[in-house]
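Commentary on secondary and tertiary structure
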Amino acid sequence: MSITQNINKIKEELPQKVKLVAVSKFKPEAAILEAYNGGQRVFGENRVQELVAKYQSLPKDIEWHLIGHLQSNKVKYIVPFVHLIHSVDSFKLLEAIDKEAIKFKRVVDCLLEVHIAEEDAKFGFSENEIIEMLESVEFKELRNIRICGVMGMATFTDNERQIRKEFLHLSAIFNSIKNKYFNQSSAFCEISIGMSGDYKLAIECGSTIVRIGTTIFGERD
Ligand SMILES: *Cc1c(COP(=O)(O)O)cnc(C)c1O
């Protein structure tokens, strides 16, 4: 099947309110253009350098999402154009985004990445770290970032029960944070969970954004 056929097939399965981020990391611009010509406008990358290069040479109405770990010193390269940063995993990073956003007179939309997997290697806040941050004076002073929800990655396993448990845990964290801190914010509405192997499960668990690469573009080298 072609890239566009793959996208259309996934879209048929997605509830209308769930957004599809086509994860194009490591894939050539020609592959992105093929998806673009089929109507896809939302793409995700996990490395700053690759994201910037693709932004510069591809059509300007693409909505670019950063989904991978971001270092504070690289924030300045993406702040001018990025649509949503999924992977905010520290207050220091949020401060750096705010600082650059002020320079560019933008408000940058961000998700808080939560560590829900069993593995140590994955990035992200714990629920307590998020609460501590949200209650801090320093956080309340940030004006040029907008928190739009949470993002998570489940443990790399075939065990569906485990994945479901982790996704539901993130959904519960989202709800409790929403109730306590973002009741007045209609922007705080996103739960970014679900990849090629687990997006159907993620949707059952409340996903509003799925990030799908392999099922659209094929295996990466
Ligand atoms: C690569 C990546 C994806 C997409 O993974 P697939 O299994 O290829 O669909 C989703 N989210 C993040 C954070 C990624 O790095």
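Calculation criteria
Residues numbered from 1 in each chain as written. Predicted model: local features only at pLDDT ≥ 70, side-chain atom pairs only at ≥ 80, totals over all residues. Heavy atoms only, no water. Axes fitted to C-alpha atoms, helices over the stretch in contact; angles between N-to-C directions. Helix = DSSP H or I, 4+ residues; strand = E, 2+ residues; numbered from the N terminus. Parallel < 35°, antiparallel > 145°, perpendicular 65-115°, else oblique. Left-handed = near helix turned anticlockwise from the far one by under 90°. Contact = heavy atoms within 4.5 Å. Nonpolar A, V, L, I, M, F, W, Y, C, P; charged D, E, K, R; others polar. Salt bridge = Lys/Arg side-chain N within 4 Å of Asp/Glu carboxyl O. Buried < 20%, exposed > 50% of the residue type's maximum accessible area, 1.4 Å probe, protein only. Phe/Tyr/Trp six-rings, centres within 6.5 Å; stacked < 30°, edge-to-face > 60°.

Below, the discussion takes up the packing of helix H1 (residues 3-13) against helix H2 (residues 29-37). One way to put it is that H1 packs onto H2 with a least axis distance of 8 Å and a crossing angle of 55°. The angle between the axes of H1 and H2 places the two elements in the oblique class. Regarding H1 and H2, the two cross each other, and that crossing is right-handed. On the side of H1, the interface is formed by Ile3, Thr4 and Ile7, while H2 contributes Ala31, Glu34 and Ala35. Per-class residue counts for the contact of H1 with H2 are 4 nonpolar, 1 polar and 1 charged.

Attention shifts here to the pattern of salt bridges. Per the counting criterion, the structure on display carries 9 salt bridges. A salt bridge links glutamate 13 to lysine 200; its shortest N-O distance comes to 3.8 Å. With glutamate 13 in helix H1 and lysine 200 in helix H9 (residues 199-204), this residue pair connects regions lying 187 residues apart in the sequence. Look at glutamate 13 and you get partly exposed, because its relative accessible area is 34%. We note a salt bridge from aspartate 109 to arginine 146, for which the minimum N-O separation is 2.8 Å. Of the two residues, aspartate 109 sits in strand E5 (residues 108-114) while arginine 146 sits in strand E6 (residues 145-152), which places them 37 residues apart along the sequence. Accessibility expressed as a relative area gives 15% for aspartate 109, which makes it buried. Three or more residues joined by partner-sharing salt bridges are found here, namely Glu45, Glu50 and Lys54.

On inspection of all chains with the given rule, the structure shows 4 aromatic pairs. When the ring of phenylalanine 174 is compared with that of phenylalanine 188, the centres are 5.0 Å apart and the planes differ by 10°; the resulting orientation is stacked. With phenylalanine 174 in helix H8 (residues 160-181) and phenylalanine 188 in the loop between H8 and strand E7 (190-192), this pair connects stretches of sequence that are 14 residues apart. Taken as a pair, phenylalanine 174 and phenylalanine 188 share a single burial class, namely buried. Here phenylalanine 182 and phenylalanine 188 contribute two aromatic rings whose centre-to-centre distance is 4.2 Å and whose plane-to-plane angle is 5°, an arrangement assigned as stacked. Judged by its relative accessible area of 10%, phenylalanine 182 falls in the buried class. Under the relative-accessibility criterion, phenylalanine 188 is labelled buried at 0%. An aromatic cluster of at least three residues, connected via ring pairs, comprises Phe174, Phe182 and Phe188.

So, about the environment of asparagine 175. Tracing the backbone through its elements, the reader meets asparagine 175 in helix H8. Judged by its relative accessible area of 42%, asparagine 175 is partly exposed. With 41 residues separating them in the primary sequence, asparagine 175 and isoleucine 216 have C-alpha atoms 31 Å apart.

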